[in-house]
Amino acid sequence: MSRLFKLKTVGVALSLQMTQHSSDLWVGFGSFVDKPVSPYINVHPSKINNPCSDYEIRCRPAHGFHHVLSMTGNMSEFTRVIKRQRISGNMDTPEGGLDAMLQAAVCHKAVGWRPEAKRLLLLMTDQPSHLALDSRLAGIVTPNDGLCHLENNIYTASTVMDHPSLSQLSDKLLENHIYSIFAIEKQQYQWYKELVRWLPGTYLGKLGLFQASNLTELVVGAYKELLSEVAVTVSLNDRASSRFWVSVSPLCPNGSTANQQSCSRVQPGQTVYFNITVGMHSCPDNGEDEDISLTVRPVGYNESSVIRIRSKCRCCCESTGHCHNSSQAFCEETGQEQRDPSLNLSCQSAGSDLMCSGRGTCECGRCVCDQSRLGTVYGKYCEKDDFSCPYFRGLICGGHGDCVLGECVCKNDWTGDSCECPASSTSCQSPDGLLCSGHGECVCGRCVCSDSRRSGSFCERCPVCQSTCQSNMNCVFCHAADGLSKREKSHCNKTCPTSVHYTDNGQIGDKWVQCMYVSNNNCRYPFQITTEAGQTELHIHTRAECRSSSRVGTFLSVCALTVLCGLVVVAVSRLLLLKRHRPPGGTADGVYNCTDKDLSYIPTTNEKTVTYRRDRPRDHPVEMNIQVPKMPINDPWH
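In this text the structure is predicted, and so the values were computed from the model without any measurement.

A. Expanded view of the pattern of salt bridges. Scanning all chains against the criterion turns up six salt bridges. Among the salt bridges present, the one from Lys 35 reaches Asp 99, with a minimum N-O distance of 2.9 Å. Note that Lys 35 is positioned in the loop between strand 1 (27-31) and helix 2 (45-48) and Asp 99 in helix 4 (residues 97-106), a separation of 64 residues in sequence. For Lys 35, a relative accessible area of 1% corresponds to the buried category.

Structure (structure tokens):
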């Protein structure tokens, strides 16, 4: 239910986010539950049409896969269709998600995949998926044929064919150039993490509960990451797959040549090279040469290349009846060709199981190295090349050397594994002629500061270092305590820098840091600090400015006077307010004197009777009457 809730609120938000990355976004929708047979669903008549009848909820009948909406660019239509959907249910925990993915991948016409578009298939689930052979519990033993079986948008083979295997689903996704995105609730994240390892071009994301924004961010992030990852897949003919092996080595733009199958974070305009090596484990049983085809597909792209390879399992002899290397083996004098196992051994280097290092073919005991667009492969066992050296900034050997035997031979004035470092330290000299301003060393043409607080191309910046005033306060305190006596200067060596001077006039200049030390007796000692060539120099002023303690009394007197003035202002304001609000005719004591005119406006007082009643639970109610007679105007109320 939470998955459907997310989809109902994500359509428009997703389209707005994707407009930043795609100008023509189309979306479609399909639903899946499980195979609609026992024991995967409840086959009781009351449950078939409404699996949720026990919960008084109207649900859809269980189904293997239902294609609901073909690809459309109308987001309003997508949102409208999603809002009409209802949940369904099954008996066991796993679901038929892989069945649905395969049908969505191969049913091009029904789904509406566009040939030129990037294709993403999003699977949202909070449960694991059934795998191949799970259907045997229902008596379904027919393997999945990998074909489209949609009739009236319903998967009709759900009850007669098994779930697809991971390798079968992987092949169909690659054949149809589809990236897959798994949006998984966190409870099942680990289960799918193991599964997606077998599905190339797949992104795994974790969903939060009822967070539609999380789904939008997940899809957009997956789209960006999948498009920035470049990978290829290589497939052989089924009849030859057991006798051949394939190795794929990418050369990424950043120069990485690690044992990986893809390059990540590839930016537009960058080029990724793949070194694909094909080798043989064995020859056919009849020993004959054969032709095989090798298909190379970039993951997620509607492109592929087919490479035809001819295996040579027989020794081709010269007209004399001898092989090219007569010391290795001989052929029959009749000119017939035969296989000699010893010839293969001469094409293997010591300690290697690969023929010609896996980068060539063995012909009559000699390695014939493969040709590569990346460079030249050579050597007795094809073990050498001129392109497998480290890259720097997208250039082999940084563009400052040659690749020989897999190692960079740097040109003059360059060094490093990839010739990325200048041999000279000129680039580390600061404007004052010092190496890294005297605060670091030159490593690979760059300054490495000896003090972690420093930064800049020449270690010239140190905002924290400008607060060295505080770090030298103890030194100035020591000298001030001794009265700035030159004879007592040696006592402060432990707390002071190497060079300390007394001066009557302050130093002026950008290289000097101006500081101030205030002693306990209110004396101020100005001093300056500078650092050159790693040495600190401190100058202390001998003319201290001492302030009298009477200033504290002056400060307190001013505060007291301010408070007194405030009290006077408050008292005067109070008197003015009382005078302003005194009524006309009033006296100083607040008694009001009525005139004859005023009496005509004073209402008369009538006699009142006030009754208090008190009810008791058992006795009769008690009433008390109070009569209030008329009162003279001037009499007070008692």
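The discussion continues.
B. Broad picture of the nonpolar core. Within the largest apolar cluster, 28 residues are counted, with the highest numbers of intra-cluster contacts made by Met 101, Leu 169, Leu 173 and Phe 182. Mapped onto this core, the elements with two or more residues apiece are helix 4, strand 3 (119-125), helix 6 (166-175), strand 6 (178-185) and helix 7 (189-195). With seven residues, the top contributor of residues to this core is helix 4. Aside from chain neighbours lying at most four places away, what touches Leu 169 is Leu 98, Met 101, Leu 102 and Leu 199. Among the nonpolar cores identified, the runner-up in size contains 19 residues, and Val 476, Ala 480, Val 500 and Leu 538 belong to it.

C. How the structure looks around the packing of aromatic side chains. All chains considered together, the criterion is met by four aromatic pairs. Ring centres of Phe 477 and Tyr 517 lie 6.4 Å apart, and the angle between their planes is 70 degrees; on these two criteria the pair is classed as edge-to-face. Here the residue Phe 477 occupies a position in helix 11 (residues 473-481), and Tyr 517 occupies one in strand 27 (residues 513-518), the gap between them amounting to 40 residues. Judged by relative accessible area, Phe 477 falls into the partly exposed class, the value being 43%. Ring centres of Tyr 517 and Tyr 525 lie 6.0 Å apart, and the angle between their planes is 35 degrees; on these two criteria the pair is classed as tilted. Note on accessibility: Tyr 517 and Tyr 525 belong to one class, buried. Clustering of aromatic rings is evident, with ring pairs tying together Phe 182, Trp 191 and Tyr 192. When the ring centre of Trp 26 is taken as reference, the NZ or CZ atom of Arg 114 above it lies at 4.3 Å.

D. Geometry of the state of the cysteines. Using the criterion set out here, one finds 12 disulfides in the structure. With its sulfur 2.1 Å from that of its partner, Cys 356 forms a disulfide with Cys 367. What sets the handedness of the Cys 356 and Cys 367 disulfide is the S-S torsion sign, and at about -95 degrees it is left-handed. Of this pair, Cys 356 sits in the loop between helix 9 (341-345) and strand 14 (360-363) while Cys 367 sits in strand 15 (residues 366-369), placing them 11 residues apart in sequence. Here Cys 356 falls in the buried class, since its relative accessible area comes to 0%.

E. Spotlight on unusual backbone geometry. With an omega dihedral of 10 degrees, the bond running from Ser 38 to Pro 39 counts as a cis peptide bond. With respect to the helices and strands, the residue Pro 39 is situated in the loop between strand 1 and helix 2. The backbone of Asn 152 shows a phi angle near 55 degrees, a positive value even though the residue is not glycine. Position of Asn 152 relative to the elements: it lies in the loop between strand 4 (150-151) and strand 5 (154-155). With relative accessibility at 74%, the residue Asn 152 sits in the exposed group. At Arg 265, a position not held by glycine, the phi torsion is positive, near 55 degrees. Structurally, Arg 265 is set in the loop between strand 10 (262-263) and strand 11 (273-280).

F. A look at the environment of Pro 284. Tracing the sequence through the fold places Pro 284 in the loop between strand 11 and strand 12 (290-298). When its relative accessible area of 13% is taken as the criterion, Pro 284 is described as buried. Residues Pro 284 and Cys 313 lie 29 residues apart in sequence; the distance between their C-alpha atoms is 8.2 Å. Not counting chain neighbours up to four residues away, the residues in contact with Pro 284 comprise Arg 243, Glu 290 and Cys 313.

G. Layout of the sheet that holds strand 3. Pairing in this open sheet of three strands is parallel, and the strands run 3-6-7 from one edge to the other. Looking at which strands have only one partner, the edges of the open sheet turn out to be strand 3 and strand 7 (202-207). Each neighbouring strand pair of the sheet contributes to a mean axis angle of 20 degrees, computed without reference to strand direction. Set on the sheet, helix 4 makes contact with strand 3 and strand 6; between it and strand 3 the angle comes to about 160 degrees.

H. Summary view of the sheet that holds strand 12. Spatially, the four strands line up as an open sheet ordered 10-8-12-13, and their pairing is antiparallel. Edge strands, defined here as strands with exactly one partner in the open sheet, are strand 10 and strand 13 (305-311). With seven bridges connecting them, strand 12 and strand 13 associate as antiparallel partners. Bridge pairing links Leu 294 to Ile 307 in strand 13.

I. Up close: the confidence of the model for the protein. In this model, the protein carries an average pLDDT of 77, and 77% of its residues clear a pLDDT of 70 or more. The lowest-confidence element of the protein is helix 13 (residues 596-599), averaging 50 in pLDDT; the highest-confidence one is helix 4, averaging 95. Note on residues 317-339: pLDDT is under 50 here. Beyond four places in sequence and across chains, it has 37 contacts.

J. How the structure looks around the pairing of strand 15. Looking at chain direction, strand 14 and strand 15 are connected through four bridges and run antiparallel. Note that in strand 15 the partner of Gly 360 across the bridge is Cys 369. Hairpin connection of strand 14 to strand 15: two residues between the antiparallel strands, including Cys 364 at a positive phi of 55 degrees.

K. Quick peek at a nonpolar patch on the surface. There is a patch of nonpolar side chains on the surface, built from Leu 561, Val 563, Leu 564, Leu 567, Val 568, Val 572 and Leu 576 and spanning about 680 Å² of accessible area. By the secondary structure assignment, Leu 564 is in helix 12 (residues 550-580).

About the cut-offs
Residues numbered from 1 in each chain as written. Predicted model: local features only at pLDDT ≥ 70, side-chain atom pairs only at ≥ 80, totals over all residues. Heavy atoms only, no water. Salt bridge = Lys/Arg side-chain N within 4 Å of Asp/Glu carboxyl O. Helix = DSSP H or I, 4+ residues; strand = E, 2+ residues; numbered from the N terminus. Buried < 20%, exposed > 50% of the residue type's maximum accessible area, 1.4 Å probe, protein only. Core = buried A, V, L, I, M, F, W, Y, C linked by side-chain atoms within 4.5 Å. Contact = heavy atoms within 4.5 Å. Phe/Tyr/Trp six-rings, centres within 6.5 Å; stacked < 30°, edge-to-face > 60°. Lys NZ or Arg CZ within 6 Å of the ring centre and 35° of its normal. Disulfide = S-S within 2.5 Å. Pairing = 2+ DSSP bridges. Axes fitted to C-alpha atoms, helices over the stretch in contact; angles between N-to-C directions. pLDDT = per-residue confidence, 0-100. Patch = residues over 30% accessible without salt bridge, like charges linked within 9 Å, V, L, I, M, F, W, Y side chains within 5 Å. Areas by Shrake-Rupley, 256 points an atom, 1.4 Å probe, with all protein chains shown as cover.

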